[in-house]
Amino acid sequence: MGIKNYLIEGVSGTGKTAVAAELQRRGYHVIHGDRELAYKGDPETGEPLDAYALRKHIADVAFGHRHHLWDVGKVKSLAADRSHPISFFCGGSRNFDRFIDLFDKVFVLNVDLDTLRHRLASRPEDEFGGRPAERDVIMRLHATQEDVPKNAVTIDATAPLASVVDDIFSKC
């Protein structure tokens, strides 16, 4: 049996980073996509945005979110690595459709609106969701679910962290 690759997605504030940390604590191989794979790029071509485009749209939170991509080549390379029996890719990417077929299963973390509001309210300003304009975008995305994978396994991430991770494992 080859390696198993799982994607854990969800709207900002649903617990992807916390789940990743818990998986690592349990000894699993985790790729923090938002730290290790992310860049700002053109969602159609994948080309990185140049400095001018980034400066021009720096205040447009929705623009920045739409252009938050993962490096497809790196995702493919990591998914092909057979040195780990299981790899969990955790984070959000707007170009997941370009690599989603590499995963054995896709999970989407979801929380109720009150939980999301509470989590975002406790974020520092330098973390995405820590500013009012960012929270507004996240609330809209939570309501529409427009930027999370469809046909994924939904995980109730309002439960205690250990239970959330146990639920993911029960569906692997």
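The coordinates are above.
Please read all numbers here as calculations on a predicted model, not as lab measurements. (Residues numbered from 1 in each chain as written. Predicted model: local features only at pLDDT ≥ 70, side-chain atom pairs only at ≥ 80, totals over all residues. Heavy atoms only, no water.)

1. What to know about the pattern of salt bridges
Applying the stated criterion across every chain, the model contains twelve salt bridges. Between Glu-134 and Arg-131 there is a salt bridge; the shortest N-O distance is 3.6 Å. Among the charged side chains, a salt-bridge network with shared partners connects Glu-22, Arg-25, Arg-26 and Asp-166. (Salt bridge = Lys/Arg side-chain N within 4 Å of Asp/Glu carboxyl O.)

2. With respect to the state of the cysteines
A covalent bond bridging the sulfur atoms of two cysteines is what the word disulfide describes. Throughout the structure, instances matching the rule amount to zero disulfides. Considering cysteine sulfurs only, Cys-172 is the nearest to Cys-90, which forms no disulfide, with 11 Å between them. Note on Cys-90: relative accessible area 4%, which makes it buried. The partly exposed category is assigned to Cys-172, whose relative accessible area is 40%. (Disulfide = S-S within 2.5 Å. Buried < 20%, exposed > 50% of the residue type's maximum accessible area, 1.4 Å probe, protein only.)

3. A closer look at the packing of aromatic side chains
Per the stated rule, a full pass over the model turns up eight aromatic pairs. On the basis of an interplanar angle of 45° and a centroid distance of 4.8 Å, the ring pair of Tyr-28 and Phe-169 is categorised as tilted. Remark: Phe-169 occurs in helix α8 (residues 161-170) and Tyr-28 occurs in the loop between α1 (16-25) and β2 (29-32); sequence separation between them is 141 residues. The exposure class assigned to Tyr-28 is partly exposed, which follows from its relative accessible area of 32%. With 6.2 Å between their ring centres and 70° between their planes, Phe-99 and Phe-103 make a pair best called edge-to-face. (Phe/Tyr/Trp six-rings, centres within 6.5 Å; stacked < 30°, edge-to-face > 60°. Helix = DSSP H or I, 4+ residues; strand = E, 2+ residues; numbered from the N terminus.)

4. Examining the nonpolar core
Ranked by size, the top nonpolar core spans 26 residues in total, and within it Ile-8, Val-19, Leu-23, Phe-88, Leu-109 and Ile-168 carry the most contacts. Contributions of two or more residues to this core are made by β1 (4-10), α1, α4 (61-66), β5 (86-90), β6 (105-110), α6 (113-121), α7 (132-144) and α8. With residues near it in sequence (within four places) discarded, Val-19 still touches Ile-8, Leu-109, Leu-161, Val-164, Val-165 and Ile-168. Core analysis: the second largest hydrophobic core is formed by eleven residues, Leu-7, Leu-37, Val-75 and Phe-99 among them. (Core = buried A, V, L, I, M, F, W, Y, C linked by side-chain atoms within 4.5 Å. Contact = heavy atoms within 4.5 Å.)

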